[in-house]
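Below are the chains, spelled out letter by letter.
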Amino acid sequence: MPKAKGWKELPIGGIIEEAGCARELNTGAWRAFRPIVDHEKCINCLQCWIFCPDMSVRVQDNKMVGFDYYHCKGCGICAKICPVDAIRMVVEAEAA
């Protein structure tokens, strides 16, 4: 199928190129607050992983091991959902 030259030539519901995703974008650069985990408090319930809209909670061997700060936007859902308050949000400038 030849590439469309403009939007008028697209079929209804058509896509010009491969569908986009944020995998290649440093969306973490938008963050104002950074989540910090206290591994001593963490019970590895993985609620943070389940609810993270950016899939930024890193899990290894069924344990929360940290965050993918390259994609984390600092929304704070992980801190809010944590049942043992093991995650706190800090101002990005102070965390760096």
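What counts, and where the lines are drawn
- Residues numbered from 1 in each chain as written.
- Predicted model: local features only at pLDDT ≥ 70, side-chain atom pairs only at ≥ 80, totals over all residues.
- Heavy atoms only, no water.
- Salt bridge = Lys/Arg side-chain N within 4 Å of Asp/Glu carboxyl O.
- Helix = DSSP H or I, 4+ residues; strand = E, 2+ residues; numbered from the N terminus.
- Buried < 20%, exposed > 50% of the residue type's maximum accessible area, 1.4 Å probe, protein only.
- Pairing = 2+ DSSP bridges.
- Phe/Tyr/Trp six-rings, centres within 6.5 Å; stacked < 30°, edge-to-face > 60°.
- Lys NZ or Arg CZ within 6 Å of the ring centre and 35° of its normal.

Asks: Would you mind going over the pattern of salt bridges with me for this structure?
Replies: Two side chains of opposite charge can pair, provided their charged atoms sit close to one another. Inspection of every chain in the model, using the stated rule, returns three salt bridges. Across the pair Glu92 and Arg31 runs a salt bridge whose closest N-O atoms are separated by 2.7 Å. Highlighted residues: Glu92 in helix H3 (residues 92–95) and Arg31 in the segment before strand S1 (33–37), separated in sequence by 61 residues. In this structure, Arg34 and Glu92 form a salt bridge, with 2.7 Å as the shortest nitrogen-oxygen distance. Within this pair, whereas Arg34 is found in strand S1, its partner Glu92 is found in helix H3, the two being separated by 58 residues in sequence. Glu92 shares its class with Arg34; the two are buried.

Asks: Looking at this structure, how should I read the environment of Glu40?
Replies: With respect to the helices, strands and loops of the structure, Glu40 is situated in the loop between S1 and helix H1 (47–51). As for Glu40 and Ala86, which are separated by 46 residues in sequence, their C-alpha atoms are 7.9 Å apart.

Asks: What's the story with the pairing of strand S2 (residues 57–60) in this structure? I'm lost.
Replies: Within a regular beta strand, the side chains point alternately toward one face of the sheet and then the other, so they alternate between its two faces. Examined bridge by bridge, S2 and strand S3 (residues 63–67) share four bridges and lie antiparallel to one another. Paired with Val59 across the two strands is Met64, which belongs to S3. Turn length for the S2-S3 hairpin, with the two strands adjacent in sequence and antiparallel, is two residues, and the turn residue Asp61 shows positive phi of about 55 degrees.

Asks: Before we go on, may I ask you to explain the packing of aromatic side chains in this structure?
Replies: A ring pair, where both rings are aromatic, is described by two values, the distance of the centres and the angle of the planes. Per the stated rule, a full pass over the model turns up one aromatic pair. Both rings, one in Phe67 and one in Tyr69, keep their centres 5.9 Å apart while their planes meet at 35 degrees; by these two values the pair is tilted. Classification of Phe67 by relative accessible area gives buried; the value is 7%. Residue class for Tyr69 comes out partly exposed when judged on its relative accessible area of 27%. The ring of Tyr69 has Arg34 lying over it, and the distance from NZ or CZ to the ring centre is 4.4 Å.

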